[in-house]
Every structure is written in structure tokens, then in C-alpha cells.
Amino acid sequence: MSVESNLGANQMNIRVHTPKANRLKHFQLMDGIIIALLSIFTLLIIYPFYNTILVSLVPQNDYIRSPLMLIPNKIEFNSYEFVFDSPILLRSMRTSALLMLVGTAYNMFLTVLFSYAMTKPLPGRRLFRFLMVFTMYFGGGLVPYYLLIKALDLMNTFSVMFLPSVISVTYMLIISNSMNNIPAELSESAQIDGAGEMRILFQIILPLSLPILATFTLYYGVERWNEWYSAMLFVSTIELWPLQYTLRKIISDANFVSTQAMTGEFRPPTYAEGVKMACIVVTVFPLMAVYPFLQRYFLTGLTAGAVKG
């Protein structure tokens, strides 16, 4: 019996190690080419971010001599000092931060309520769902939208940048489908114990939907942080400009970085490209700081409501 067991073990070892040897031979041919191509593709993606950081740190003369540099000869923080000393940029950062906090809470609260309502057998539910989906494909146009905002007296107000964008229909549909996949017995048992709809929502449904809620909270947060279009259309007061719209003004007009509105005082021409890149780094950094903490929710959150149960 021991001889047969040894023969069987040797046969298993041969079966296990033979494919591995074949994979190593195959790796030298195709996998090496694939890894090389993916490495080049990765460098093409990473280098623009790396170059943006370098341009924001090097002196203007170094940038003029070598716009596509790899290793800086000298590092200075004049562009960042200019950014953080600029009254309009500091106001814009505060406006965008407040817009992200208030707008994200507003959007998520209404999205969750509407998503939960769509899971209930309410009269006219299909009609409301159809009307919501209809708005994804058809709209009144920019002119009626502008006239509506003007009629509601929202021109030159902070709320115009988040109040009209109530919910995202796509996010609502995905969250609603995810809530439909939660066993109905949980809600029924809570109703038997005397729980109301709001208690069921906040104590049962939401804790079970945490991954998908975290995912779309980040999505809404990114949208509110990147808000500039509504400011361009409806906000003419510089004090209410969000950071992205101020950054757009800087990028579109290199002389804007030297104006009195930017610095609070008249000053000689500034290294415009360095200021632009410093603004981009400052704009992207908060999102890059938050993303790693929510990354683990992404796959679970996006697939939770992808298929209707």
C-alpha cells in the first residue's frame, strides 16, 4: 500500500508541476510582451500627473528649457505660496468644500428616499419611474433651464450650484435595485415589531446598503467638488465662484493670475504655468486623499445593484 501511495503522490506531483513548467515557457513568449505593453501604457498614464507636479515645483527658466522634464534641477514652492496667498483661491476652496459637504448630503438624502420609495408597491410607481428615466434622454434645453433658474430667483446664489441637481437617475436606479435584493422578511419582521418605514430604512436597509451608499456618496462628492458649469451660467459674483471655475479662469486666461482680483493687489507678472499646475494639484489632492479609504467599497457597491433581483 505504501508503494502504491508513493506512486500516486509522484503522479500528482507530475500533474501539478508540469503545467507550471509550461506556464513558465509560455510566460517568456506572450506574457513578457503583454507586461511590457502594459508597463508602457502605465507610464503614459502616470507621467502627465508626474509632470504636472514637477511644473508646479520648478522655476520658470527650468520649465522653458525642458517642458517634458524627468528630474528637476531645482525645486521651489513659489507657485504654491501664490496659490495659498491668493484671497480668491482661498475663498474658492472654501466654497467648493462647503458645496461638496452640503450638496453631497442633499443629493444622497433625496436619492436614498426616492430609491427606497421605488422598492414599495406604491400607486403610480411605474409612472414615476418612467418619468425619471425619461429625463435621462430628453430635456427642455438650456434656454428654458436658464429662464426657470431666473424665475426661481436663484441667480447669483450659492444654492444654484447644487439645488437644481436633485438626484442622479442612474444612481437612484442602481441603489433601488440593490435595496430590492435585500430579503423582504427583514422589513416584514420589523413591521410586526411596530417599526415604521423611516425606522426600517435607517436601521435595517441603510446598514445593509453601506457599500453602495459609500460608493455613490463619493461619486456625488466628486461631482460637487468639480462643479463649475452652473457657476459659469448663473454666478457672476467672484466671492461665490467654486474652485473649479476659478481654475478654469486661470487656465483660460494666463494674465488672470496677475490681476487684482486674483491677488488682492497689483503685482508683476507671475509664472502662469506653475500657478496653473499648482492649482490642479491642490484641486486633485483632496479626492486622492479620500479615495484609498473608500476604494474597498467600489467593487461591492457597483455590483450590488447592477443586476435586478
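Source: prediction; values computed, not measured.

**What to know about the overall build of the protein**
- In terms of helices and strands, the protein carries 14 helices and 0 strands.
- Reading the protein from its N terminus to its C terminus gives the helix and strand order α-α-α-α-α-α-α-α-α-α-α-α-α-α.
- Residue burial in the protein is summarised as follows: out of 309 residues, 33% are buried.
- If you sum the accessible surface of the protein, you get close to 19100 Å²; carbon and sulfur atoms cover 68% of it.

**Description of the packing of helix α7 (residues 169-180) against helix α10 (residues 210-225)**
- Contact geometry of α7 with α10 gives a least axis separation of 11 Å together with a crossing angle of 170°. When the interaxial angle is binned, α7 and α10 end up roughly antiparallel. Each of Y171, I174, I175 and S178 in α7 lies in contact with α10, whose residues at this interface are I212, L213, F216, Y219, Y220 and E223.
- Taken together, the residues of the contact of α7 with α10 sort by class into 8 nonpolar, 1 polar and 1 charged.

**Examining the side chain of N51**
- Mapping N51 onto the fold places it in helix α1 (residues 2-57).
- When its relative accessible area of 12% is taken as the criterion, N51 is described as buried.
- Not counting chain neighbours up to four residues away, the residues in contact with N51 comprise P67, L68 and M69.

**Looking at the environment of Q60**
- Position of Q60 among the secondary structure elements: in helix α2 (residues 60-65).
- Once the C-alpha coordinates of Q60 and A272 are considered, the two residues, 212 residues apart in sequence, prove to be 8.9 Å apart.

**Some details on the nonpolar core**
- If you look at the biggest cluster of nonpolar residues, it comprises 18 residues, and the most contacted ones within it are V112, M179, I200, L201, I205 and L213.
- Among the elements of the structure, α4 (87-117), α7, α9 (197-208) and α10 are those that each provide at least two residues to this core.
- If one sorts the elements of this core by residue count, α9 sits on top with 5 residues.
- Residue contacts for L201: discarding those within four places in its chain leaves V112, L113, Y116, M179, L206 and P207.

**Some thoughts on the packing of helix α8 (residues 184-192) against α9**
- Look at α8 against α9: their axes get within 10 Å of each other, and the N-to-C directions meet at 145°. Taken as a pair, α8 and α9 cross one another with a handedness that is right-handed. Taking contact as the criterion, the partners of L186, S187, A190 and Q191 in α8 are, on α9, E197, I200, I204, I205 and L208.
- For the contact of α8 with α9, the per-class residue count stands at 6 nonpolar, 2 polar and 1 charged.

**Thoughts on unusual backbone geometry**
- A positive phi is found at D153, a non-glycine position, where the angle reads about 60°.
- Residue N156 is not a glycine yet carries a positive backbone phi of 55°.
- By secondary structure assignment, the location of N156 is in the loop between α6 (142-151) and α7.
- What makes N156 partly exposed here is its relative accessible area of 33%.

**Section: the pattern of salt bridges**
- In total, this model carries 2 salt bridges according to the counting rule given.
- E197 serves as the salt-bridge partner of K120, at 3.6 Å between the closest nitrogen and oxygen. One end of the pair, K120, is in the loop between α4 and α5 (125-137); the other, E197, is in helix α9, with 77 residues separating them in the sequence.
- For the salt bridge of E227 with R224, the shortest nitrogen-to-oxygen distance reads 3.8 Å.

**With respect to a nonpolar patch on the surface**
- A surface patch of nonpolar side chains, about 890 Å² in accessible area, is lined by L127, F128, F130, L131, F134, M136, Y137 and F138.
- Along the chain, F138 turns up in the loop between α5 and α6.

**Let's talk about the side chain of Q244**
- Inspection of the secondary structure assignment puts Q244 in helix α12 (residues 243-252).
- A residue is classified by how much of its surface remains accessible, and Q244, at 11% relative accessible area, is buried.
- A polar atom in the side chain of Q244 sits 3.4 Å from the backbone oxygen of W225.
- Beyond its immediate stretch of four places on either side in the chain, Q244 contacts S96, W225, N226, E227, W228 and T283.

**Concerning the environment of N177**
- Relative to the elements of secondary structure, N177 occurs in helix α7.
- Taking relative accessible area as the criterion, N177 reaches 12% and is therefore assigned buried.
- Along the sequence, N177 and Y116 sit 61 residues apart, while their C-alpha atoms lie 9.5 Å from each other.

Rules and cut-offs
Residues numbered from 1 in each chain as written. Predicted model: local features only at pLDDT ≥ 70, side-chain atom pairs only at ≥ 80, totals over all residues. Heavy atoms only, no water. Helix = DSSP H or I, 4+ residues; strand = E, 2+ residues; numbered from the N terminus. Buried < 20%, exposed > 50% of the residue type's maximum accessible area, 1.4 Å probe, protein only. Areas by Shrake-Rupley, 256 points an atom, 1.4 Å probe, with all protein chains shown as cover. Axes fitted to C-alpha atoms, helices over the stretch in contact; angles between N-to-C directions. Parallel < 35°, antiparallel > 145°, perpendicular 65-115°, else oblique. Contact = heavy atoms within 4.5 Å. Nonpolar A, V, L, I, M, F, W, Y, C, P; charged D, E, K, R; others polar. Core = buried A, V, L, I, M, F, W, Y, C linked by side-chain atoms within 4.5 Å. Left-handed = near helix turned anticlockwise from the far one by under 90°. Salt bridge = Lys/Arg side-chain N within 4 Å of Asp/Glu carboxyl O. Patch = residues over 30% accessible without salt bridge, like charges linked within 9 Å, V, L, I, M, F, W, Y side chains within 5 Å. Polar contact = N/O pair within 3.5 Å; in protein donor to acceptor, adjacent residues only side chain to side chain.

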